[in-house]
Amino acid sequence: MPVYRARDSPLHAARAGATTALCAALAFTCAVYSHPLVLLTVILVVVGVGVAARVGAEMARAARLSVPLALLVTLINPLLYAEGNTLLVRGGSFLGRRFDITLEALAAGALAGLRVAGFMMVFGLFSACVDPDDLLRLFRRVSYRSALTASLATRLVPVLARDAMRMGDAARCRPQPPGRLAVARATLSGALERAVDVAAALEVRGYSTAGRPRAARAPWSRHDLRVGVAAALVGAATLTGAVAGVGNVAEYPSFAVALGPAEVALAAALLLGAGLPFAGRAARLGVAHA
Amino acid sequence: MPDVLASAQELSYAYPARSRPALTGVSLEIHPGSFTVLAGISGSGKSTLLRALCGLVPHFYGGEVAGELEVGGMSVRDHGPGELAAVCGTVFQDPETQVVMGGVRAELALAVEHRGDAPAAVARAVEEVALALGVAHLLDRRTDTLSGGELQRVAVAAALVHRPTLLLLDEPTSQLDPVAGDELMWLLRRLNEEWGTAVVIADHRLDRCLPAADRVLALRDGAVACDAEPAGFLEWAQGGPLSPPVARLFSLAGLGPLPTTVKDARERLRGAGLAPKPATAAAEAGDVSTARRWGVRRSGPPPAAEARGLWHEIEEGPTALRGLDLRIAPGEKVALMGRNGAGKSTLLRHFKGLAEPTRGRVETAGEVALLLQNPGDYLVHDHAREEAGESALPSAGLAGRGEANPHDLSGGERQRLALEVVLAGGPCALVCLDEPTRGMDTASKSALVDRIAVLAADGAGVIVATHDTEFAAVFADRIVLMGPGVVIADGTPAEVLAGGWHFSTDVARVLGGAEGALTPEAGAAVLARELVT
């Protein structure tokens with residue numbers, strides 16, 4: 001998955017809470033709708049926003065991860081569900097169960113795959129644009145120790161992955177490579193040793209006597225406001241559409257997708273809402289003249 | 001400010017389930033603004049003493065304590081590391097495991113946030129410490145993008161952000177290259193001199209620490225064996241494994257008093273009218289390298305290993321090797337030197353077959369053994385005898401210790417055991433070692449030199465990637481100096497190291513490279529001739 005890198009963009013300049021809210025609103029849209037136009041719009045929005053936020057490479061990486069998973073979901077669904085009126089392939093019987101493939105199950109699988117891809121792309125945008133330290137600072141006042149544990153996990157997972165890779169190389173250098181169990185045990189014990197070292201480092205920095213951190217009150221910047229408003233617009237459009245019954249999809253027994261002005265309006269609202277942080281002169285960073 | 005920052009009275013300590021105490025009857029006082037170096041071979045109790053001073057012993061590690069230890073007026077028995085953190089900052093060996101947060105700014109803020117400071121006070125503390133320690137340019141960087149040296153500087157800054165009066169460091173330079181290590185020492189010296197922070201540091205590279213120190217505590221088997229100023233310590237350590245090269249040079253030459261720095265040594269020699277004629281080897285080194293690469297080495301015996309026009313281009317990264325040619329003869333002992341990123345480790349991986357050349361080829365005359373930088377990665381069993389077989393233990397200096405858990409061995413012992421693990425397959429044409437002396441004490445280095453000599457005598461070519469010029473001068477009969485992906489000098493140790501500036505030994509610096517003397521023994525012989533004439 002993409003990792004956070006500081007960039008000059010409105011999403012990076014906004015406080016972690018605002019950018020997280022925008023990503024959460026987009027994820028909420030994916031959760032509420034299974035309409036292909038809406039899901040494709042969310043993916044398009046995420047890619048567009050990512051490119052505008054200068055994390056295009058990270059978005060490409062997220063896409064490389066999400067496309068195979070989406071295809072897998074698309075292909076598995078018709079194997080599990082045989083409902084639907086349009087038979088594409090008549091499969092045989094196995095253990096008393098028929099394995100027919102229907103067009104409806106394939107289409108439903110494609111929508112489920114699209115939704116998975118949407119979630120993953122949104123998570124990719126979130127990972128690339130939200131500083132985990134800032135995010136953890138938000139949660140620290142709620143549950144300090146849990147937030148710090150999450151921070152440690154974020155920091156140490158790549159370190160442990162590098163450790164495991166090194167141990168793999170070391171195993172290749174042995175004339176008689178050790179069994180997998182022995183290597184797994186050694187890797188685990190190495191991870192525990194690292195954990196003990198980290199715990200010691202935290203101890204000597206006053207972790208055991210730490211109190212609840214004091215609240216920081218930073219003024220809202222224009223980027224905070226614009227990203228926050230964008231999150232609210234996306235959330236509001238999603239909710240309004242859901243309440244109004246926009247984006248209906250019937251999967252079985254016949255596949256039917258509602259496509260009218262309401263769906264197009266919802267897609268447009270999502271595009272405009274999420275694009276707000278990048279619109280106009282105010283989206284530029286450092287507009288003041290020296 | 002109190003007169004004494006820390007005081008120990010007859011402090012003894014044993015780790016849980018260990019019969020042998022790690023500290024025995026230690027009595028000492030640490031004064032404000034002092035710079036104390038803890039000296040001692042591996043396992044002498046340096047790390048344990050530092051852990052006791054910061055409260056990790058006994059509160060974190062458990063075990064049995066006797067005697068008294070007070071830090072900042074707090075008894076270590078009653079106050080844990082969290083409370084002692086108000087008085088002392090602590091920095092450990094491995095920079096990777098002491099940096100907790102994803103960003104440098106958040107990392108520096110952590111300790112003051114733990115203390116419950118207001119956000120404005122946190123921000124000020126972070127800015128101040130970052131500017132004072134020269135890490136302000138790193139504040140907006142992610143910690144996973146920092147080099148080892150940068151990470152260690154951030155760790156020092158994080159330990160100092162709440163302005164402790166005592167800074168404890170446990171081999172902070174052992175994982176760093178020499179340049180980063182020297183930079184860190186300069187930083188500590190500045191901290192001590194300009195801000196009066198008391199420093200207690202344990203390090204095997206005493207030559208690097210002594211110039212800054214005003215006191216040396218030498219530990220042996222957990223007890224204080226010497227507590228003196230640097231000059232007094234050098235007299236005490238004469239002829240022993242803790243004596244730094246420059247002091248050993250004077251000691252062997254029968255000169256005194258023993259110097260603590262290269263500059264000091266040079267001035268004393270000048271004062272005594274002993275100014276050996278400097279070498280001109282540096283100017284000749286370039287010619288020697290060309291001759292070796294294309295002439296002499298090509299016409300020699302069949303090689304143990306050879307790289308021809310070797311290129312290694314990393315995907316979306318730099319080019320690690322650029323058409324490199326290198327030929328290693330059987331029985332040859334080669335030190336591969338160069339700055340970080342020059343391609344040393346990549347070349348060794350090619351010899352072992354762990355990397356695929358982008359272009360060019362690598363040929364070896366038989367099996368290749370490769371020991372990578374972390375010996376612990378090779379040790380996957382519960383007992384030393386299971387790793388390399390009972391018969392290999394004497395070669396690793398572990399005769400009779402087959403039941404020992406490899407993780408309980410000292411760094412040097414682990415390194416030697418790991419070497420036996422990779423050699424367990426039988427005779428090798430080439431043995432490659434990658435930075436084997438990192439964090440090693442002098443005794444372990446000597447044992448490694450002996451083992452390398454045995455391997456070479458058995459006909460194996462030995463190539464060692466190292467930053468340690470003193471070690472290279474002792475074991476190698478050829479030095480290959482790498483620039484970015486290419487060989488930039490290739491010759492005997494005297495040819496390459498005697499006239500070098502960065503790649504040189506302390507003895508060569510003192511003697512100006514005279515007669516190619518690199519080691520204290522060779523230097524003493526040069527001085528003896530000067531004394532006679």
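Analysis parameters
- Residues numbered from 1 in each chain as written.
- Chains lettered and ligands numbered in written order.
- Predicted model: local features only at pLDDT ≥ 70, side-chain atom pairs only at ≥ 80, totals over all residues.
- Pairing = 2+ DSSP bridges.
- Helix = DSSP H or I, 4+ residues; strand = E, 2+ residues; numbered from the N terminus.
- Axes fitted to C-alpha atoms, helices over the stretch in contact; angles between N-to-C directions.
- Contact = placed C-beta atoms within 7 Å.
- Expected span 1.5 Å × (residues − 1).
- Buried ≥ 20, exposed ≤ 12 C-beta atoms within 10 Å, placed from the backbone.
- Domains from an automatic or database assignment.
- Nonpolar A, V, L, I, M, F, W, Y, C, P; charged D, E, K, R; others polar.
- Parallel < 35°, antiparallel > 145°, perpendicular 65-115°, else oblique.
- Left-handed = near helix turned anticlockwise from the far one by under 90°.

A. View of the sheet that holds strand β11 (residues 305-313) of chain B. Residues and elements named next belong to chain B. The 3 strands are arranged β12-β11-β14 in an open sheet whose pairing can be described as antiparallel. Each edge of the sheet is formed by a strand with only one pairing partner; in this case those strands are β12 (319-328) and β14 (359-364). On average, adjacent strands in this sheet sit at an angle of 15 degrees to one another, irrespective of strand direction. As defined by bridge partners, β11 adjoins β14 across 5 bridges and the pair is classed as antiparallel. Bridging across to β14, Ala307 finds its partner in Val362. The strands that helix α14 (residues 344-352) touches are β11, β12 and β14; relative to β11, the one it contacts most, it runs at about 120 degrees.

B. Representation of helix α7 (residues 148-160) of chain B within the structure. Residue and element names in this part refer to chain B. Under the 1.5 Å per step criterion, the end-to-end length of α7 is 18 Å for 13 residues, consistent within 8% with the ideal 18 Å. Most of α7 sits out of view: 11 of its 13 residues are buried. Of all the positions in α7, only Gly149, Leu151, Gln152, Arg153, Val154, Ala155, Val156, Ala157, Ala158, Ala159 and Leu160 are classed as buried. Looking at the buried positions of α7, the neighbouring elements they touch are β6 (88-91), α4 (95-98), α5 (104-114), α6 (119-132), β7 (166-170) and α8 (178-195).

C. Region of interest: unusual backbone geometry. Omega for the peptide link from Val57(B) to Pro58(B) comes to 10 degrees, which places this bond in the cis form. Between Gly256(B) and the following residue, Pro257(B), the backbone shows a cis peptide bond with an omega angle of -5 degrees. Relative to the elements of secondary structure, Pro257(B) occurs in the loop between α11 (245-253) and α12 (262-271). We note that Arg54(A) has phi near 65 degrees; this positive angle belongs to a residue other than glycine. Inspection of the secondary structure assignment puts Arg54(A) in the loop between α3 (36-52) and α4 (56-80).

D. Molecular detail of the domain arrangement of chain A. If you check the domain split of chain A, you get domain 1 (10-133 + 223-283) and domain 2 (142-209). If you average the C-alpha positions of domain 1 of chain A and of domain 2 of chain A, the two centres end up 35 Å apart.

E. Fine view of the interface of chain B and chain A. Taken together, the contact between chain B and chain A spans 45 residues of the former and 42 residues of the latter. Among the secondary structure elements, those contributing two or more residues to the side of chain B that touches chain A are α3 (81-84), α4, α5 and α16 (411-423) of chain B. Element by element, the count of residues in the side of chain B that touches chain A is highest for α5(B), at 5 residues. A breakdown of the residues in the side of chain B that touches chain A according to their chemical character gives 22 nonpolar, 13 polar and 10 charged.

F. Inspection of the packing of α5(B) against α7(B) at higher detail. Residues and elements named next belong to chain B. Between α5 and α7, the least distance of the axes is 7 Å, while the angle of their chain directions is 30 degrees. On the basis of their axis angle, the class for α5 and α7 is roughly parallel. Both α5 and α7 take part in a crossing whose hand is right-handed. On α7, the residues that touch Val104, Glu107, Leu108, Leu110 and Ala111 of α5 are Val154, Ala157 and Ala158. Of the residues contributing to the contact of α5 with α7, the split by class is 7 nonpolar, no polar and 1 charged.

G. Layout of the sheet that holds strand β1 (residues 6-14) of chain B. All names here are of chain B. Spatially, 4 strands are ordered β2-β1-β4-β5 in an open sheet, and the strand pairing comes out antiparallel. Sheet topology places β2 (23-30) and β5 (74-75) at the edges, where each strand pairs with a single neighbour. The sheet contact formed by β1 and β2 spans 5 bridges and is antiparallel. Bridging from a neighbouring strand, Ala6 pairs with Ile30 of β2.

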